[in-house]
Amino acid sequence: MTTMSGYGHDPGPVSVSTLGATTVTAWVEDAIAAPSMHNAQPWRFRFLRAENAIQVHSDLERAMPRADPATRGLHLGCAAALFNLRVAAAHAGWAVRTELLPDPARPCLLATVRLIGAARPGAGVEDDLAALYPAIRRRHTSRQPFTDEAIPRAVKDDLGAAALLEGVRLVFPDVWHVHMLLDLVRDAEGRDASDTAASEELRRWTRTGPGTAQSASDGVPDYAFGPRRLYGRAPVRDFAGRGGVPGRGAAVFENAPQLALLGTAGDRPRDWLLAGQAMERVLLRATLDGLATSLTSQALEWPELRWAVRDPQSAMGFVQMVLRLGYGPAGPGTPRRPVDEVLDIV
Ligand SMILES: Cc1cc2nc3c(=O)[nH]c(=O)nc-3n(C[C@H](O)[C@H](O)[C@H](O)COP(=O)(O)O)c2cc1C
């Protein structure tokens, strides 16, 4: 599939210049600020100078065989990075064409972002992407309690529209559905806790203790765990598992969390790539709107629970992500691998 950055928009004839390594390096630095499951950063980028193109590849060595055997979550993270790349290009004034899964023989080649030329000023969708740029570095997962302040309808509508721009539906479930969802997350938490392989995988991607948490370049550092839950039903994964983290406080979380479901009609790699881009578009938009955000995939990691998460009345075929949104403290920045570990220039 071939799309302009922002689906279906053709900026018309423009003069094509050559992308430089410095520019591409800066764009990839923006790309890797994206969220990824357990902060595994399962991506690689390849800049093909001669073709003025940047490829996004998945890095299967950073997959989660227990929690994400089909690599659905891995695709979501890589697609979020792809979306940031599109935003960075738009911010720098470049028009790009994004091709998803361009080579059926190479499933790890997730996308090619091809430089088309300078974006025309005022070219609708490009401007829309560029406006999201300041949120790339501001967006962090917040595992803190949020307040009970309701998100205004207009803000929710904007977030829904943002998802639709990427061809994906965002639904704010009704009260009964939220309750059902929270039960399913609780069920998943119980299953995770009694599953040794799941606990070990989680431990492999957590970084605890002052030396480790401060120096790691991947994984979830203990300072991003947020407080332990005293009460409340907000679906916030406890990365500490059964282990304790010295000095970690406890807090009361919201009882009526504001959740949103991101869903697609299909459930193939291409759908996952659309969903990951939509997820990042929604998260960046929400960040600009002053919302704190977190993601919760626990109930989606058990196939029988994932199926039950969807509203049977809705047209949403497959839930790809559960987002928790609200007003509250921003999360801390988490580490990323240096760009030269993930970018090849050829
Ligand atoms: C597919 C996917 C699944 C995720 N699942 C969860 C989750 O269940 N609980 C959670 O707290 N964070 C989840 N996250 C968020 C990551 O843990 C987070 O993005 C990563 O640690 C980097 O931190 P940052 O988002 O603050 O940059 C998920 C992210 C992705 C892309």
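Residues numbered from 1 in each chain as written. Predicted model: local features only at pLDDT ≥ 70, side-chain atom pairs only at ≥ 80, totals over all residues. Heavy atoms only, no water.

Engineer: Help me get a handle on the pattern of salt bridges, residues and values and all.
Structural biologist: Evaluated as defined, the whole model comprises 22 salt bridges. Residue Arg-248 pairs with Asp-238 through a salt bridge whose shortest N-O separation is 3.0 Å. In this pair, Arg-248 sits in the loop between strand E9 (228-231) and strand E10 (250-252) while Asp-238 sits in the loop between E9 and E10, placing the two residues 10 residues apart along the sequence. A cluster of three or more residues bridged by salt bridges with shared partners is formed by Asp-59, Arg-62, Arg-207 and Asp-218. (Salt bridge = Lys/Arg side-chain N within 4 Å of Asp/Glu carboxyl O. Helix = DSSP H or I, 4+ residues; strand = E, 2+ residues; numbered from the N terminus.)

Engineer: I'd love a proper account of the site of the ligand, names of residues and values included.
Structural biologist: Close contacts around the ligand come from 21 residues, with Arg-139, Thr-141, Arg-143, Ser-297 and Arg-336 the closest. A distance of 2.8 Å separates an oxygen atom of the ligand from a polar side-chain atom of Arg-139. Separating an oxygen atom of the ligand from a side-chain N or O atom of Arg-143 is a distance of 2.6 Å. Alone, the ligand offers 620 Å² of accessible surface; in the complex the protein occludes 99% of this. (Near = heavy atom within 4 Å. Polar contact = N/O pair within 3.5 Å; in protein donor to acceptor, adjacent residues only side chain to side chain. Areas by Shrake-Rupley, 256 points an atom, 1.4 Å probe, with all protein chains shown as cover.)

Engineer: Could you give an account of the domain arrangement of the protein chain, naming the residues involved and the relevant values?
Structural biologist: Considered domain by domain, the protein chain is made up of domain 1 (16-135) and domain 2 (153-241 + 249-326). Inter-centroid distance (C-alpha atoms) of domain 1 to domain 2 is 22 Å. With 35 residues of domain 1 at the contact, the number on the domain 2 side is 41 residues. Counting each side, the surface lost to burial between domain 1 and domain 2 is near 3,100 Å², with a carbon and sulfur contribution of 64%. Contact with domain 2 buries area across many residues of domain 1, yet His-38, Arg-66 and Arg-72 alone supply 25% of it, more than any other trio. Summed over the shared surface of domain 1 and domain 2, the number is 4 salt bridges. (Domains from an automatic or database assignment. Contact = heavy atoms within 4.5 Å. Buried area = accessible area lost by both parts, 1.4 Å probe.)

Engineer: Could you give an account of the packing of aromatic side chains, naming the residues involved and the relevant values?
Structural biologist: Across all of its chains, the model carries 2 aromatic pairs by this definition. With a centroid separation of 6.0 Å and an interplanar angle of 55°, the aromatic rings of Trp-307 and Phe-318 are classed as tilted. Of the two residues, Trp-307 sits in helix H10 (residues 303-309) while Phe-318 sits in strand E13 (residues 318-326), which places them 11 residues apart along the sequence. The ring of Trp-302 carries the charged tip of Arg-191 above its face, separated from the ring centre by 5.5 Å. (Phe/Tyr/Trp six-rings, centres within 6.5 Å; stacked < 30°, edge-to-face > 60°. Lys NZ or Arg CZ within 6 Å of the ring centre and 35° of its normal.)

Engineer: So what's going on with the nonpolar core? Residues and values would help.
Structural biologist: Grouped together as the largest cluster of nonpolar side chains are 57 residues, with contacts concentrated most on Val-28, Phe-45, Leu-85, Leu-159, Leu-170, Leu-262 and Leu-323. The leading source of residues in this core is helix H2 (residues 72-91), at 10 residues. Residue contacts for Leu-85: discarding those within four places in its chain leaves Trp-27, Val-28, Ala-31, Phe-45, Ile-54, Val-56 and Val-113. Residues Leu-181, Val-185, Leu-300 and Val-322 belong to the second largest nonpolar core, which totals 17 residues. (Core = buried A, V, L, I, M, F, W, Y, C linked by side-chain atoms within 4.5 Å. Buried < 20%, exposed > 50% of the residue type's maximum accessible area, 1.4 Å probe, protein only.)

Engineer: Tell me about the packing of H2 against helix H9 (residues 269-288), residues and numbers included.
Structural biologist: It is at 7 Å that the axes of H2 and H9 come closest, and there the two elements cross at 55°. Judged by the angle between their axes, H2 and H9 are oblique. Like other packed secondary-structure pairs, H2 and H9 cross with a definite hand, here right-handed. Note on element contacts: H9 touches H2 through Pro-269, Trp-272, Leu-273, Ala-275, Gly-276, Gln-277, Met-279, Glu-280, Arg-281 and Leu-284, opposite Arg-72, His-75, Leu-76, Ala-79, Ala-80, Leu-82, Phe-83, Asn-84, Arg-86 and Val-87. Its residues assigned to classes, the contact of H2 with H9 comprises 12 nonpolar, 4 polar and 4 charged. (Axes fitted to C-alpha atoms, helices over the stretch in contact; angles between N-to-C directions. Parallel < 35°, antiparallel > 145°, perpendicular 65-115°, else oblique. Left-handed = near helix turned anticlockwise from the far one by under 90°. Nonpolar A, V, L, I, M, F, W, Y, C, P; charged D, E, K, R; others polar.)

Engineer: Go over unusual backbone geometry with me, naming the residues and quoting the values.
Structural biologist: At Asn-39, a position not held by glycine, the phi torsion is positive, near 55°. Relative to the helices and strands, Asn-39 resides in the loop between helix H1 (21-31) and strand E2 (43-48). For Gln-41, which is not glycine, the phi dihedral falls at a positive 50°.

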